[in-house]
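# Reading the structure
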Amino acid sequence: MSDSSPNLSQLWSGRFSEPVSERVKRYTASIGFDYRLAEFDIQGSLAHAHMLAHQAIISAADFTDIERGMAEILEEIRTGKFVWKLDLEDVHLNIEKALTEKIGDAGKRLHTGRSRNDQVATDIRLYLRHNIDGLLQLIRQVQTALLDLADTHAEVVMPGFTHLQVAQPVSFGHHLLAYFEMLKRDAERMRDCRSRVNRLPLGAAALAGTSFPIDREMVARNLDFDSVCENSLDAVSDRDFAIEFTACASLIMTHFSRLAEELIVWMSPRFGFIDLADRFCTGSSIMPQKKNPDVPELIRGKTGRINGHLVALLTLMKGQPLAYNKDNQEDKEPLFDTVDTLIDTLAIVAEMLPGIRVNVDAMRDAALQGHATATDLADYLVKKGIAFRDAHEAVAQAVRHAETLDCDLADLPLADLQRFSSFIDSDIYSVLSLTGSLNSRNHIGGTAPAQVRAAVARGRLAIACNTETN
Ligand code: ARG
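From a predicted model like this one, the values you see are computed outputs, not experimental measurements.

## Section: the environment of Asn222
For Asn222, the location among the structural elements is in helix H9 (residues 216-222). Leave out the neighbours within four places in its chain, and Asn222 touches Ala47 and His50.

Right, here's the structure in full:
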């Protein structure tokens, strides 16, 4: 190989006098991961080529050849026959080169009025939109599992906690519906994020637009984008949508991490509130008695990984001048891993929830300890005309007394209770009972089983409506 005629294989190599080293090739190539964008890359290329032909920038015959060549390539990719080459750097150049090998000059004309910069931005948006739609469906599956479980356990009483100390009795169904609400917001956020993902960068070309008479609206329509990105420099360099998506993902994982933490605590023998199906747990290689909640633990653990991806993407963008920089190639691995981890997590939670076995007695026993209905006694006194602060003080004294007798407030004899307020009557025991306490919180958002059922019904309706719109 002489200096004047270097043997360079890259599609951009015309300007260069020596090939990159193997190390540089490996360092700069993205084909090892961006091959996953292949189907979206082809989709984008076909829409671009269709528009070029429509605008008479390429001939109709060229477009027919491009369509045929791309169909063959797609088939080869789907059947695993396509050979990805590191020498060709990335998914775009691999496909373009294969196309040209198949159809000749028409393949070389595909890249007219386009750059890999607007091409890759389009690919990622198509990829993300596709996955957001799948994720929304998975979110609905988890929500449905939560609703089913909440419906079944609307009447089951457990201690509600603040500071992880017994606070007030709540319905287990109500507790589960708190997670339903989190997911409702998660789905809202995802849909909102989708609206900004769904804008077309193609047409921005390298950074400044193109001198060809392109029709961007047509490409947007063909690819089902809602609109076009309105500034070419922004179009090729914007990754806000990827950051937004990862932020949504972080929040979803955070919610599941909290749920996972609760499942782990509830499953510990000290609580014994629930049991997870064996297929979500593993044993210990040394302690034969162990049944470990590995799946919830990993959900908690993987949340850190997604938060890491969010920080990686934010950091990736923070110092970049306009417009495209190669830094952007680093967006893919965090994004792909976020999508993969989120899909797996949602799917596994949807599978795990229906298999939860609830120990109703353990929950009830725990709620019977810790004076969980102390607030109900205070409210009872308020309803008899005592100011809340005075009622609070009287009940606090009664709790102290119960503590000295080593019993729950609800188990104190009437005479004892009356020492703290003459307004207390025998009707107090239904107020101090767990079901009395639960049923009394009968307003929207309250823990009364009737409200839990109403919330389940509203939830089912909302899911049905969202299934229609998305
Ligand atoms: N593989 C590149 C990426 O993922 C494609 C865009 C390359 N553009 C360029 N000007 N080198 O970002």
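What follows continues from the structure just given.
## Quick notes on the packing of helix H3 (residues 38-54) against helix H4 (residues 60-78)
Where H3 meets H4, the axes come as close as 10 Å, and the angle between the chain directions of the two elements is 175 degrees. The angle between the axes of H3 and H4 places the two elements in the roughly antiparallel class. Within the contact between the two elements, H3 uses Ala38, Glu39, Ile42, Ser45, Leu46, Ala49, His50 and Ala53 and H4 uses Phe63, Ile66, Glu67, Met70, Ile73, Leu74, Ile77 and Arg78. For the contact of H3 with H4, the class distribution of residues is eleven nonpolar, two polar and three charged.

## Looking at unusual backbone geometry
Between Leu322 and Ala323 the backbone carries a cis peptide bond, its omega angle lying at 0 degrees. For Ala323, the position within the fold is in the loop between helix H12 (294-318) and helix H13 (332-352). Within the chain, His163 stands out as a residue other than glycine whose phi angle is a positive 55 degrees. When you line up the elements, His163 lands in the loop between strand S1 (157-162) and strand S2 (165-171). The backbone of Asp406 sits at a positive phi, close to 60 degrees, despite the residue not being glycine. By the secondary structure assignment, Asp406 is in the loop between helix H16 (388-405) and helix H17 (414-418). Asp406 gets classed as exposed once you look at its relative accessible area, which sits at 73%.

## Examining the site of the ligand
Inspection of the region around the ligand gives Ser30, Asp34, Asp90, His92, Arg116, Asn117, Val120, Tyr324, Gln329 and Lys332 as its neighbouring residues. Asp90 places a polar side-chain atom, nitrogen or oxygen, 3.0 Å from a nitrogen atom of the ligand. Between an oxygen atom of the ligand and a side-chain N or O atom of Lys332, the distance comes to 2.6 Å. Bound to the protein, the ligand loses 85% of the 340 Å² it would expose on its own. A per-element tally of the shell around the ligand places helix H7 (residues 116-152) first, with three residues.

## Overview of the packing of aromatic side chains
Going through the model one piece at a time under the given rule, you end up with seven aromatic pairs. Aromatic pair Phe40 and Tyr127: ring centres 6.1 Å apart, planes at 85 degrees, arrangement edge-to-face. With a gap of 87 residues between them, Phe40 in helix H3 and Tyr127 in helix H7 connect regions that are remote in the sequence. Residue Phe40 shares its accessibility class with Tyr127, and that shared class is buried. Here Tyr127 and Phe336 contribute two aromatic rings whose centre-to-centre distance is 4.9 Å and whose plane-to-plane angle is 65 degrees, an arrangement assigned as edge-to-face. You can see Tyr127 sitting in helix H7 and its partner Phe336 sitting in helix H13, a full 209 residues away along the chain. For Tyr127, a relative accessible area of 4% gives the class buried. Accessibility expressed as a relative area gives 4% for Phe336, which makes it buried. A connected cluster of aromatic rings, assembled from ring pairs, spans Tyr35, Phe82 and Trp84.

## Regarding the pairing of S2
Pairing of S1 with S2 involves six bridges; the strand directions are antiparallel. When the bridges of S2 are listed, Met158 appears paired with Val170. A loop of two residues connects S1 with S2, the two strands running antiparallel in sequence, and His163 in this loop sits at a positive phi of about 55 degrees.

## Considering the packing of H3 against helix H5 (residues 91-103)
Viewed as axis vectors pointing N to C, H3 and H5 meet at an angle of 60 degrees, and their least axial separation amounts to 10 Å. Of the possible angle classes, the one that applies to H3 and H5 is oblique. Along this stretch, H3 crosses H5, giving a crossing that reads as right-handed. Counted together, Ala38, Asp41 and Ile42 of H3 and Val91, His92 and Ile95 of H5 form the full contact between these two elements. Here the contact of H3 with H5 is composed, by residue class, of four nonpolar, one polar and one charged.

Definitions and cut-offs
- Residues numbered from 1 in each chain as written.
- Predicted model: local features only at pLDDT ≥ 70, side-chain atom pairs only at ≥ 80, totals over all residues.
- Heavy atoms only, no water.
- Helix = DSSP H or I, 4+ residues; strand = E, 2+ residues; numbered from the N terminus.
- Contact = heavy atoms within 4.5 Å.
- Axes fitted to C-alpha atoms, helices over the stretch in contact; angles between N-to-C directions.
- Parallel < 35°, antiparallel > 145°, perpendicular 65-115°, else oblique.
- Nonpolar A, V, L, I, M, F, W, Y, C, P; charged D, E, K, R; others polar.
- Buried < 20%, exposed > 50% of the residue type's maximum accessible area, 1.4 Å probe, protein only.
- Near = heavy atom within 4 Å.
- Polar contact = N/O pair within 3.5 Å; in protein donor to acceptor, adjacent residues only side chain to side chain.
- Areas by Shrake-Rupley, 256 points an atom, 1.4 Å probe, with all protein chains shown as cover.
- Phe/Tyr/Trp six-rings, centres within 6.5 Å; stacked < 30°, edge-to-face > 60°.
- Pairing = 2+ DSSP bridges.
- Left-handed = near helix turned anticlockwise from the far one by under 90°.

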